[in-house]
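# Remarks on the overall topology
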Amino acid sequence: MEQPVTAAIIEDHPVVTEGVESWIRSDPGQRVRLVQMARDLAGLRAVPSADVVILDLELSGELVTTQIPGLVAAGYRVVAFSGHSDPAIVMETLDHGAHAYVSKEEGRDHLVEAVLAAAADRPYVTRSQARAILADQRPARPALSQQERQALLLWFQGMSKASVARRMSISENTVRQYISRARAKYAATGRTAPSKDALLARAIEDGVITPGEVTPYDSLARTAADPPSLGTPGR
Amino acid sequence: MTAVQPTVLMSGRYQRAFTIAVVFLVAGWHLAGAGGQLLHNRSAYGSFAFQGAMWLVMALAITAGTVLVLRGTPGWRAAWAVAVIVLAASIAAAAASPAGQMLAVNWGWGSAGWTGVLVLLRRRFVELACFLAAEALGILGVQVWDGLHRADLAGFLALLAWSTGAQVAVAAGVRALDVAAGQAAAAARSEHAARERAATAEIIRAARHVRWLALQESAVPLVAELATGTADPADAQVRTRCAIQAARLRRLLAEGDEVPGSLVHELHASADMAERRGVAVEIETAGLLPQVPGPARRVITDTAIAILTAARSRARITLAAVAAGIAVSFVADTGAVVRLPVTGEGVAIEQQQDGGMLWAEARWNSR
């Protein structure tokens with residue numbers, strides 16, 4: 001059996017931590033193991049103690065999105081877990097280098113999957129992320145194709161990926177590909193972060209996106225030539 | 001719906017009044033001015049019958065033009081058909097007038113010019129200018145054909161200045177009045193919109209207060225039961241109660257300044273009814289939503305009510321800004337296909353059933 005992905009949770013409300021624990025416990029494959037629980041960022045070790053950090057964006061009443069680059073630089077993969085669903089906060093979180101954004105309403109259905117995807121440097125797009133991408137009007141936003149936009153819209157609307165596939169008369173795999181490609185395009189824009197490079201490199205490796213479809217920026221060349229050295233997870 | 005109608009009506013009413021004034025001007029001119037001149041000079045023409053026939057042709061063209069402009073701004077084909085007929089009739093009448101006396105006995109130039117003003121009034125100004133120039137050139141052509149003297153040219157220029165000048169002035173005046181009426185209507189519209197926004201805000205505030213009071217009776221006891229352990233989260237019924245209260249709380253939080261549109265407000269109202277039946281409803285928006293006109297909103301909310309009534313335990317409503325409009329979608333466990341309102345008012349409705357889940361989308365396009 002494969003080694004489970006290790007996760008740490010930074011959350012100041014014990015009841016939420018317990019909820020996350022129960023979701024992780026009830027995963028049939030036991031694919032994630034919670035190795036650390038902390039109430040603030042000071043509780044995390046400088047050397048990554050877990051593959052993924054589940055980070056509540058609001059700790060003791062303060063937004064901690066600006067702390068994400070520090071965590072990412074230390075080698076952590078971050079999955080933001082938050083009660084906020086404001087598209088601007090979602091975008092800022094991703095821009096700072098978080099792998100995925102899971103709103104508290106989506107936690108039960110998506111948190112474990114998002115953690116697993118993050119550990120593998122693969123894109124995971126929740127409905128709240130799709131919403132933020134659809135609402136994005138910033139001049140520097142990446143250009144999405146008609147199909148990518150349509151897949152994101154139907155996913156945001158609440159359809160299952162199988163239903164989206166039926167609606168668009170394409171395979172479920174192609175739906176995943178469209179949504180992942182849209183996410184990968186975001187990894188190629190904005191500020192640079194090792195986690196974004198890793199996500200992009202993995203997307204290219206998986207054939208989700210070709211280097212030609214990516215708006216290049218400085219660190220991309222480095223990433224493509226030299227695969228990320230951040231501890232490759234066991235899966 | 002009320003935001004648009006009165007002001008459009010108001011601006012439309014003024015424009016119609018200006019149109020009718022021009023109709024009276026043209027009809028009066030043709031009957032009294034041109035008709036009077038025709039009768040006064042009847043002995044001067046080679047064939048009075050021909051002149052009379054041309055006068056009648058122009059009278060019919062003016063009648064047709066009147067019908068056209070009273071039905072709205074005429075299309076270029078219809079407008080120019082009338083214009084060309086009066087142009088031809090007036091020049092034929094001028095050509096059949098005795099040489100040397102043409103300007104003195106000419107009755108058609110003025111009528112033709114005014115008819116042009118009537119049918120081309122609300123089309124591009126350059127069209128009216130072309131028409132008036134063509135008419136003047138036609139008359140000048142007849143004059144040249146008859147043999148042009150210096151005195152004739154002076155008379156031609158004087159007539160040109162007086163009749164064409166008056167026609168251009170009237171056309172420009174009506175345009176200015178149109179613009180003024182449009183501005184007045186826009187001012188009234190923004191005032192109306194502000195009033196409606198204020199009224200909507202008040203309704204939302206009142207509804208929120210009512211909901212807050214309701215929370216005191218529903219959510220607060222549930223939380224108390226959970227805290228004391230009398231309610232067990234393992235119980236499916238307790239979980240359903242939690243889901244409903246959570247949906248209500250979320251909505252209470254969402255109803256901030258970010259949802260100014262009355263469509264969102266109306267959908268919230270529709271969701272209320274379903275929630276009382278125990279259906280957990282979530283409503284989310286993506287992007288800056290456009291204002292949807294009343295009749296289209298009604299089609300969308302009817303769709304919402306049909307689906308929410310059929311939903312068994314949960315429903316998700318999303319509103320997303322899409323190119324040129326809005327996509328309002330519904331995902332609910334209806335168990336079967338729902339009979340939805342017919343597509344109309346610019347709203348296209350589609351649905352897809354997958355297992356027990358229904359997806360439906362009402363898409364409104366502004367164009």
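Conventions used here
- Residues numbered from 1 in each chain as written.
- Chains lettered and ligands numbered in written order.
- Predicted model: local features only at pLDDT ≥ 70, side-chain atom pairs only at ≥ 80, totals over all residues.
- Helix = DSSP H or I, 4+ residues; strand = E, 2+ residues; numbered from the N terminus.
- Buried ≥ 20, exposed ≤ 12 C-beta atoms within 10 Å, placed from the backbone.
- Contact = placed C-beta atoms within 7 Å.
- Core = buried A, V, L, I, M, F, W, Y, C linked by C-beta atoms within 7 Å.
- Axes fitted to C-alpha atoms, helices over the stretch in contact; angles between N-to-C directions.
- Parallel < 35°, antiparallel > 145°, perpendicular 65-115°, else oblique.
- Left-handed = near helix turned anticlockwise from the far one by under 90°.
- Nonpolar A, V, L, I, M, F, W, Y, C, P; charged D, E, K, R; others polar.
- Pairing = 2+ DSSP bridges.
- pLDDT = per-residue confidence, 0-100.

### A short note on the overall build of chain B
Tallying secondary structure elements over chain B gives ten helices and five strands in all. Classification of the 367 residues of chain B by burial places 31% in the buried group. Within chain B, counting contacts between residues at least 6 apart in sequence, those at least 24 apart form 73% of the total.

### Some details on the overall build of chain A
Across its full length, chain A holds ten helices and seven strands. Burial statistics for chain A: of 235 residues in total, 47% are counted as buried.

### A few points about the nonpolar core
Formed by 106 residues in total, the largest nonpolar core has its most connected members in Val53(A), Val79(A) and Val115(A). Val115(A) has contacts with Val5(A), Ala7(A), Val32(A), Val52(A), Ile54(A) and Val79(A), leaving out every residue within four places of it along the chain. Formed by 36 residues, the second largest nonpolar core is a distinct cluster that contains Val22(B), Leu118(B), Leu121(B) and Ala171(B).

### A look at the packing of helix 1 (residues 14-25) of chain A against helix 4 (residues 107-119) of chain A
Residue and element names in this part refer to chain A. Two numbers describe how helix 1 lies on helix 4: the axes approach to 10 Å, and their chain directions differ by 70°. Our classification of the angle between helix 1 and helix 4 gives roughly perpendicular. The interaxial crossing formed by helix 1 with helix 4 has right-handed handedness. For the pair formed by helix 1 and helix 4, the contact residues are Gly19, Val20, Trp23 and Ile24 on the first element and Gly107, Arg108, Leu111 and Val112 on the second. Partitioned by chemical class, the residues of the contact of helix 1 with helix 4 number five nonpolar, two polar and one charged.

### So, the pairing of strand 3 (residues 52-56) of chain A
Residue and element names in this part refer to chain A. Where burial is concerned, most of strand 3 is hidden: five out of the five residues are buried. Here strand 3 shows two buried faces, one formed by Val52, Ile54 and Asp56 and the other by Val53 and Leu55. Relative to strand 3, strand 1 (residues 5-10) is paired through four bridges, and the arrangement is parallel. Bridge pairing links Ala7 to Val52 in strand 3. Bridge count for strand 3 against strand 6 (residues 77-82) is five bridges, and the pairing is parallel. The residue of strand 6 that forms the bridge with Ile54 is Val79.

### Re the confidence of the model for chain A
Here chain A shows a mean pLDDT of 87. Residues at 70 or above account for 91%. Across residues 216-235 of chain A the pLDDT falls below 50, and counting only partners more than four positions away or on other chains, this stretch makes 35 contacts in the model.

### Topic: the environment of Val338(B)
All names here are of chain B. Inspection of the secondary structure assignment puts Val338 in the loop between strand 3 (325-332) and strand 4 (347-354). Look at Val338 and you get partly exposed, because 19 C-beta atoms sit within 10 Å. With 29 residues separating them in the primary sequence, Val338 and Thr309 have C-alpha atoms 9.6 Å apart.

### Quick look at helix 3 (residues 87-95) of chain A
One turn of an α-helix holds 3.6 residues; hence residues three or four places apart share an orientation. All names here are of chain A. Buried residues dominate helix 3, accounting for seven of its nine residues. Residues of helix 3 that are buried: Pro87, Val90, Met91, Glu92, Thr93, Leu94 and Asp95. Buried-residue contacts for helix 3 involve helix 2 (68-73), strand 6, strand 7 (100-103), helix 5 (127-135) and helix 8 (172-187). Gly97 occupies a position one or two residues after helix 3 and carries a positive phi of about 115°.

### Observations regarding the interface of chain A and chain B
At the interface, twelve residues of chain A touch twelve residues of chain B. Contributions of two or more residues to the side of chain A that touches chain B are made by helix 5, helix 6 (146-157) and helix 7 (161-168) of chain A. Per-element accounting of the side of chain A that touches chain B gives the leading share, four residues, to helix 7 of chain A. Residues that form the side of chain A that touches chain B fall into these classes: six nonpolar, three polar and three charged.

### A closer look at the sheet that holds strand 1 (residues 280-286) of chain B
The sheet built from five strands is open, its strands ordered 1-2-3-5-4 (chain B) with mixed pairing. A single partner strand is all that each edge strand has here, and the edge strands are strand 1 and strand 4 of chain B. The average undirected angle you get between the axes of adjacent strands in this sheet is 15°. As judged from the eight bridges shared by strand 3 of chain B and strand 5 (residues 357-365) of chain B, these two strands associate in the antiparallel manner. Within strand 5 of chain B, the residue paired with Gly325(B) across the bridge is Asn365(B). Of the strands in this sheet, strand 4 and strand 5 of chain B touch helix 7 of chain A, which is tilted by about 125° from strand 4 of chain B. Packing against the sheet, helix 10 (residues 294-310) of chain B makes contact with strand 1, strand 2 (314-322), strand 3, strand 4 and strand 5 of chain B, and its axis sits at approximately 175° to strand 5 of chain B.

### A closer look at the packing of helix 3 (residues 76-95) of chain B against helix 5 (residues 108-120) of chain B
All names here are of chain B. Two elements in contact, helix 3 and helix 5, have axes separated by 9 Å at closest approach and are oriented at 175°. Judged on the interaxial angle alone, helix 5 and helix 3 are roughly antiparallel. In this structure, helix 3 uses Ala79, Val82, Ala83, Val86, Leu87, Ala89, Ser90, Ala93 and Ala94 to contact helix 5, whose residues at the interface are Gly108, Trp109, Ser111, Ala112, Thr115, Gly116, Val119 and Leu120.

### What about the sheet that holds strand 2 (residues 32-38) of chain A?
Residue and element names in this part refer to chain A. The five strands are arranged 2-1-3-6-7 in an open sheet whose pairing can be described as parallel. This sheet does not close on itself; its edge strands, each paired only once, are strand 2 and strand 7. Between one strand axis and the next, the sheet turns through 25° on average, direction left out of account.

### Considerations on the environment of Arg316(B)
Mapped onto the fold, Arg316(B) is located in strand 2. With 16 residues separating them along the chain, Arg316(B) and Ala332(B) place their C-alpha atoms 6.4 Å apart. Sequence-distant contacts of Arg316(B), that is, excluding residues within four places in its chain, are made with Gly158(A), Glu282(B) and Val331(B).

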